[in-house]
Amino acid sequence: MELSLRETSWYRVLKEELAAPYFREITKYLLQESEQGAIVYPPSECIFQAFNLTLFDEVKVVILGQDPYHGEGQAHGLCFSVPKGVKLPPSLKNIYRELQACYPTYKVPTHGCLLAWATQGVFLLNAILTVRANEPASHAKIGWEQFTDAVIHKLSNERENLVFILWGAFAKSKVNLIDEKKHLILTAGHPSFAASHKQFFGNRHFLQCNAYLAKHGKGEIDWQIN
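First things first, this report covers the structure right here in the doc.

What counts and what doesn't
Residues numbered from 1 in each chain as written. Predicted model: local features only at pLDDT ≥ 70, side-chain atom pairs only at ≥ 80, totals over all residues. Heavy atoms only, no water. Buried < 20%, exposed > 50% of the residue type's maximum accessible area, 1.4 Å probe, protein only. Helix = DSSP H or I, 4+ residues; strand = E, 2+ residues; numbered from the N terminus. Pairing = 2+ DSSP bridges. Contact = heavy atoms within 4.5 Å. Axes fitted to C-alpha atoms, helices over the stretch in contact; angles between N-to-C directions. Parallel < 35°, antiparallel > 145°, perpendicular 65-115°, else oblique. Left-handed = near helix turned anticlockwise from the far one by under 90°.

Quick look at the pairing of strand β5 (residues 163–167) now. Each regular strand shows side chains that alternate between the opposite faces of the sheet. Within β5, 5 of the 5 residues are buried, which leaves the element mostly enclosed by the surrounding structure. Covered by surrounding structure in β5 are V163, I165 and W167 together with F164 and L166, the residues of both alternating faces. Bridge count for strand β2 (residues 61–65) against β5 is 4 bridges, and the pairing is parallel. Bridge pairing links I63 to I165 in β5. Bridging between β5 and strand β6 (residues 184–188) involves 5 bridges; their strand directions are parallel. Of the residues in β6, the one forming a bridge with F164 is I185.

Okay, structure coming up:
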């Protein structure tokens, strides 16, 4: 298994990680899962979807998730996103609700595919890129976090004036990878149903994000999804 890159920017910054022994171990583990008949999400062609849709030099915003949805047909390589036709997860419903609070004219989408954000520079990264069906966090210890920690660190070091949106304790634990003098870091509770009311709603992250991008001469994100 290799990163399927649309161009060379991600390879340039990640080539050492891709050649590292731990990354070969990830590949070996996933091959073993396949040989043993395990169902793994997302499909192999979507594992690096976030990288292929939002190139390194085009990233403006990083939204960090933990691991992919573990139900059939849900995961497609973008955190919090599901393909069209799949029932909206509770977390995404709450994200849309917060967007409505930020933008009163916002129309809640009828689907949960966030591809339109990814193609504008919103890097929708899960810290763990695969999961065994119906077993959340089942691939948490196979090496993915070392890889995605390197991704976050590279973005922090080599880019400037990015917005990092970290929801929930897991995402917040990555703060030490980000240079707060160069970037905007926004934190809040996770948008899951259990945590949302006290810790997520009212964070106004979408407004703060666009204000920061505008201040630094970058195009704002159109959060509306059709």
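With that settled, consider the environment of G219. Relative to the elements of secondary structure, G219 occurs in the segment after α9 (205–215). With relative accessibility at 36%, the residue G219 sits in the partly exposed group. The contact partners of G219, leaving out residues within four places of it in the chain, are K60 and L213.

Another point: the sheet that holds β6. A sheet is described by the order of its strands in space; here 4 strands give the open sequence β3-β2-β5-β6, paired in parallel fashion. On the outer flanks of this sheet lie β3 (122–126) and β6, each paired with one strand and no other. Averaged over neighbouring strand pairs, the angle between their axes works out to 20° when direction is ignored.

Glancing now at the packing of helix α2 (residues 21–35) against helix α6 (residues 144–158). In the contact formed by α2 and α6, the axes pass within 9 Å of each other and the chain directions differ by 135°. When the interaxial angle is binned, α2 and α6 end up oblique. Seen along the crossing, α2 lies across α6 with a hand that is left-handed. Note on element contacts: α6 touches α2 through W144, Q146 and F147, opposite Y22, F23, I26 and L30.

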